[in-house]
Amino acid sequence: MIQKQIYDVLVVGSGVAGMYGALQFKSGTDVLILSKYSKTTSNSNLAQGGVAAVLSLEDDSYELHTKDTFIAGRHENDPEAVDVLVHEGPEDVRRIMELGAEFDRNADGELDKTLEGGHCRRRIVHYKDCTGAEMVRALLKQVEARENIEYAEDTVLCRLVRVRSGFRADLLHGGVYTSVFCNYCMLCTGGIGRVYKYTTNPKSATGDGIRIAWELGARIKNLSYIQFHPTAFNSEDGEQFLISESVRGEGAYLLNCRHERFMDRYDDRLELAPRDVVSKAIILESRRTGSNDFFLDIRHEDADFLRARFPAISEGCMRYGVDITKDLIPIFPCQHYLMGGIEVDIDSKTTVPRLYACGECANTGVHGKNRLASNSLLEALVFSRRAAEDIKRCMANGFPNVSPLPADCDYTGAPLPPGIVSEIRSIMQRAYFVLPDPGAIRFGLKQIDNILKRLKGGKYSWTTEYLEALSLATVAYIVLKEAEEANERR
Ligand SMILES: Cc1cc2nc3c(=O)[nH]c(=O)nc-3n(C[C@H](O)[C@H](O)[C@H](O)COP(=O)(O)OP(=O)(O)OC[C@H]3O[C@@H](n4cnc5c(N)ncnc54)[C@H](O)[C@@H]3O)c2cc1C
């Protein structure tokens, strides 16, 4: 049960951004954290590779991390935001270790820093191949020990309404509608992956925070900057999980439906070409062969090495009856990450007073057009802390109280007809996947506009399904509109 009616800070989302942000508030500040599904249903919990940060100036430098970030982002990054990320990030990584997160160490007890695509130095700290789950575990333990932080699981933020000095948050809490008031709100709602049929993101990633901020009039920026990953496990039940780049780094071959290597047709770097190049090669090859069947083959590596190096990937594949030491791994490209989002400044302030956005739902500008691997957990840490610091500064300037107002929403209505979400996903898959198609973007935008009108005018009951469909349609509309405008400018 939610204990109070008024909170100083409402944190929407319990991934790394939400929990790390909430922990910055000490006793005396009442914080409520919401999680739409279980405590661990989040992109954060699935992060495999690690966190990038310059933890030693002996073999690395801030300038080099900055340079790598700009190259990956095709120099569309915001220089001030990158400067904050690179210089303040190492301290946040140390703080999360103090909070109990473990990272792998070598035989001398030093942090085992690894290398990923686009980094010129070994600067990625990791916990096996499940770094995110380890960070979530440590943060959750801290959150649960704090008497000033309340945590509401299975609780959906339906919308925010501006009231004097804050917001009324309308919630669906354990199937029951309720409202709470807050002076400040931090949206930490994660990505938009579920707008696609193929994505590594979990069911929580429907862009709710972006839709809610948009409804309040907040500016949204670069929502069409979407990162696709070439190799997600392609299961028959439609759930994809990531087969990390490091599997190709350790020597896996990419095979087409005829079990032939094909990368030499598209790039000299073969399987080790950058993510976007490999994704495009797979789509072009699928058009050439007329088949979506693709595989990774790492059977030629030592079986014990593979099980020790990739425990989570081995286990995930095994759940679908695929033994990576003996079988081909079925893969297909998928949506993976959102670079753009709710526009924020370097203190994570949106264009709406008292509304902050952090983590994957925000557009800080650090990633530019393309994210450098392992910079996103770092962004979630740095910019959620900065949001909390800004809120604390504002509170110190005089504490405004919210004025409770009765909830005015009517939640009764018709059930959402089936099929709308699949329709949205098919449109996005056709119009704006790895190789966007200008004709399909134009047509898709019209279709999505119709779906949005149907959803808004249909007097549907505010169930989780309806709210998620509304978020997905809103996100799809903004992405396609932005993409169409970019096409027109060309
Ligand atoms: C498979 C995978 C591997 C990755 N690997 C890496 C990596 O190695 N390194 C790296 O830096 N990044 C990695 N990333 C990206 C990184 O994990 C995410 O960008 C980051 O964790 C986002 O954190 P977040 O706190 O912003 O969002 P999330 O962790 O996704 O949390 C979002 C939270 O918001 C809640 N929420 C959403 N809508 C509502 C609502 N309406 N009401 C209430 N709650 C709501 C959700 O329930 C959830 O708790 C990976 C991502 C994936 C999917």
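Residues numbered from 1 in each chain as written. Predicted model: local features only at pLDDT ≥ 70, side-chain atom pairs only at ≥ 80, totals over all residues. Heavy atoms only, no water.

Peer 1: Would you explain the domain arrangement of the chain in this entry?
Peer 2: One widely used convention gives an interface's size as the accessible area the parts lose upon coming together. Each domain of the chain was delimited in the assignment, giving domain 1 (6–224 + 339–396), domain 2 (230–333) and domain 3 (420–489). Taken over C-alpha atoms, the centre of domain 1 sits 29 Å from the centre of domain 2. Across the contact, 10 residues belong to domain 1 and 15 residues belong to domain 2. In total, domain 1 and domain 2 occlude about 1,100 Å² of area from one another, counting both sides; carbon and sulfur atoms represent 42% of this. In this structure, the connection of domain 1 to domain 2 is made through 1 salt bridge. Between Asp-276 and Arg-74 there is a salt bridge; the shortest N-O distance is 3.0 Å. Our count for the domain 1 to domain 2 interface comes out at 5 residue pairs in polar contact (both at pLDDT 80 or more). (Domains from an automatic or database assignment. Contact = heavy atoms within 4.5 Å. Buried area = accessible area lost by both parts, 1.4 Å probe. Salt bridge = Lys/Arg side-chain N within 4 Å of Asp/Glu carboxyl O. Polar contact = N/O pair within 3.5 Å; in protein donor to acceptor, adjacent residues only side chain to side chain.)

Peer 1: Where do I start with the site of the ligand in this structure?
Peer 2: With respect to spatial proximity, 38 residues lie near the ligand, and among them Ser-44, Gly-49, Asp-208, Glu-360 and Ser-376 are the closest. Ala-17 places a polar main-chain atom, nitrogen or oxygen, 3.0 Å from an oxygen atom of the ligand. For the shell around the ligand, a count of residues per class yields 12 nonpolar, 22 polar and 4 charged. (Near = heavy atom within 4 Å. Nonpolar A, V, L, I, M, F, W, Y, C, P; charged D, E, K, R; others polar.)

Peer 1: What is the right way to read the packing of helix 12 (residues 420–431) against helix 14 (residues 464–489) from this model?
Peer 2: Each packed pair of helices is defined by two parameters, the angle between the axes and the distance between the axes. Contact pair helix 12 / helix 14: the axes reach a minimum separation of 10 Å and the direction vectors enclose 20°. By the angle between their axes, helix 12 is roughly parallel relative to helix 14. Pair helix 12 / helix 14 crosses with left-handed handedness. Two secondary-structure elements touch here, helix 12 through Val-421, Ile-424, Arg-425, Ile-427, Met-428 and Ala-431 and helix 14 through Ala-469, Leu-472, Ala-473, Ala-476, Val-479 and Leu-480. Within the contact of helix 12 with helix 14, the residues separate by chemical class into 11 nonpolar, no polar and 1 charged. (Axes fitted to C-alpha atoms, helices over the stretch in contact; angles between N-to-C directions. Helix = DSSP H or I, 4+ residues; strand = E, 2+ residues; numbered from the N terminus. Parallel < 35°, antiparallel > 145°, perpendicular 65-115°, else oblique. Left-handed = near helix turned anticlockwise from the far one by under 90°.)

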